[in-house]
Amino acid sequence: MVVSLAWLASQVALASDGDVLDPEIWTVMLTSRPGISVITTWAGLLAVGLATWIGPGAMVFGAAGILAIAASFTAVGHTTQHQPRTLLATALVVHLLAVSFWAGSLWPLALASRRGGPTAARLVEGWARAAGWIVGGLVLAGAVLAWLLVGRLDALVTTPYGLALLAKVGLVGVLLGFAAWHRFRLTPALAANTPGSGARLAASIGWETLVMIAVFWAVAEMTSTSPQGEG
Ligand code: HEM
């Protein structure tokens, strides 16, 4: 919330020759697409925070908050500039819900693995079962987005967007390698209570997190250039 507020304030300052408190520019900014996107994100984050504070009884409220945060991305970016708009927006929301499930699980999974024991093993196994379906949905939604936004194979190697997309898909391949290594080697060792297995899994999830950060870097490259190339 602080970062997006700072970003909005910088946009106001740019548009008003340095007057960061200009009320007229703030009104224009908050009613523009980026402003609406930021307000939707704030509402979603507040709902998630409140639901976390209230506890399991407010799970539906928290889920609505997560959906709002994912939906806020459909007000800005490339999916607003291409057709069919509804399919693109739906694919982006599905993609982002799956992304948050995967990226958001890494830290709690690493903490649980470090503790070790059969409870941690059950947790990681349960997560992996759900992740199989969710990551499948993520890749499918990503492929739909790529097809609708880029639309031709040669753009993958002739435009900065295509190259960033290829880098992203390569990095996702590395992440899938980590997932397989965890599922078939490290989690069974954790379930069998092998000494040091929890620490090994936690360290490996740490490396996976670094690759995940690189994926977000590739996304940033993609969203700052055009899917169709310049001109
Ligand atoms: C861990 C894996 C992944 C992560 C963390 C991830 C993350 C993201 C995020 C955060 C966005 C939203 C960008 C925005 O609207 O501002 C996005 C969009 C997108 N993703 Fe992924 N993604 C992943 C996997 C994939 C895969 C495997 C593909 C392709 C098969 C893909 C293709 C796309 C495309 C084409 C977009 C639209 C970007 C645009 O608006 O130009 N993603 N991804």
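Residues numbered from 1 in each chain as written. Predicted model: local features only at pLDDT ≥ 70, side-chain atom pairs only at ≥ 80, totals over all residues.

**What about the overall build of the chain?**
Then, in step 1: Per the secondary structure count, the chain includes 9 helices and 0 strands.
Then, in step 2: Considered along the principal axes of its C-alpha atoms, the chain spans approximately 65 × 50 × 30 Å.
Then, in step 3: Counting only residues that meet the buried cut, the chain has 24% of its 231 residues in that class. (Helix = DSSP H or I, 4+ residues; strand = E, 2+ residues; numbered from the N terminus. Buried ≥ 20, exposed ≤ 12 C-beta atoms within 10 Å, placed from the backbone.)

**As for helix H4 (residues 59–72)**
Then, in step 1: Across its 14 residues, H4 extends 20 Å between first and last C-alpha, which sits within 8% of the 20 Å expected from 1.5 Å per residue.
Then, in step 2: Within the span of H4, buried status applies to Gly62, Gly65, Ile69, Ala70 and Ser72. With its buried residues spanning 165° around the axis, H4 presents them on a single face.
Then, in step 3: Looking at the packing, one finds that the buried side of H4 touches helix H3 (33–54) and helix H5 (85–115). (Expected span 1.5 Å × (residues − 1). Arc of directions from axis to C-beta. Contact = placed C-beta atoms within 7 Å.)

**So, the domain arrangement of the chain**
Then, in step 1: When the domains of the chain are assigned, the result is domain 1 (1–76) and domain 2 (81–231).
Then, in step 2: Measuring from the centre of the C-alpha atoms in domain 1 to the corresponding centre in domain 2 gives 25 Å.
Then, in step 3: On the side of domain 2, 6 residues touch domain 1, which itself brings 5 residues to the contact.
Then, in step 4: Counted by class, the side of domain 1 that touches domain 2 contains 4 nonpolar, 1 polar and no charged residues. (Domains from an automatic or database assignment. Nonpolar A, V, L, I, M, F, W, Y, C, P; charged D, E, K, R; others polar.)

**So, the packing of H5 against helix H6 (residues 117–150)**
Then, in step 1: At a minimum axis separation of 8 Å, H5 and H6 run at an interaxial angle of 155°. One finds that H5 runs roughly antiparallel with respect to H6. Remark: the crossing between H5 and H6 carries left-handed chirality.
Then, in step 2: Considered class by class, the residues forming the contact of H5 with H6 number 23 nonpolar, 6 polar and 1 charged. (Axes fitted to C-alpha atoms, helices over the stretch in contact; angles between N-to-C directions. Parallel < 35°, antiparallel > 145°, perpendicular 65-115°, else oblique. Left-handed = near helix turned anticlockwise from the far one by under 90°.)

**Remarks on unusual backbone geometry**
Then, in step 1: Between Gln83 and the following residue, Pro84, the backbone shows a cis peptide bond with an omega angle of -10°.
Then, in step 2: Structurally, the position occupied by Pro84 is in the loop between H4 and H5.

**Regarding the site of the ligand**
Then, in step 1: Close contacts around the ligand come from 25 residues, with Gly77, His78, Gly142, Leu145 and Ala146 the closest.
Then, in step 2: For the shell around the ligand, the secondary structure elements donating two or more residues are H5, H6, helix H8 (160–191) and helix H9 (197–223).
Then, in step 3: Taken together, the residues that form the shell around the ligand break down as 18 nonpolar, 6 polar and 1 charged. (Near = placed C-beta within 6 Å.)

**What about the nonpolar core?**
Then, in step 1: Counting 31 residues, the largest nonpolar core has Ala98, Val124, Leu145 and Leu190 as the members making the most contacts within it.
Then, in step 2: Elements that contribute at least two residues to this core include exactly H4, H5, H6, H8 and H9.
Then, in step 3: Take this core: its biggest share by element is 11 residues, from H6.
Then, in step 4: The residues contacting Leu190, other than those within four sequence positions of it, are Ser113, Gly116, Ala120, Ala121, Val124, Ser197, Gly198 and Leu201. (Core = buried A, V, L, I, M, F, W, Y, C linked by C-beta atoms within 7 Å.)

**Overview of the packing of H6 against H8**
Then, in step 1: The geometry of H6 relative to H8 is characterised by a closest axis approach of 11 Å and an angle of 165° between their N-to-C directions. By the criterion of interaxial angle, the relationship of H6 to H8 is roughly antiparallel. Considering only the axes of H6 and H8, their crossing is left-handed. Residue-level contacts link Pro118, Ala120, Ala121, Val124, Glu125, Ala128, Ala146 and Val150 of H6 to Gly162, Leu165, Arg183, Thr187, Leu190 and Ala191 of H8.
Then, in step 2: Classifying every residue of the contact of H6 with H8 gives 10 nonpolar, 2 polar and 2 charged.

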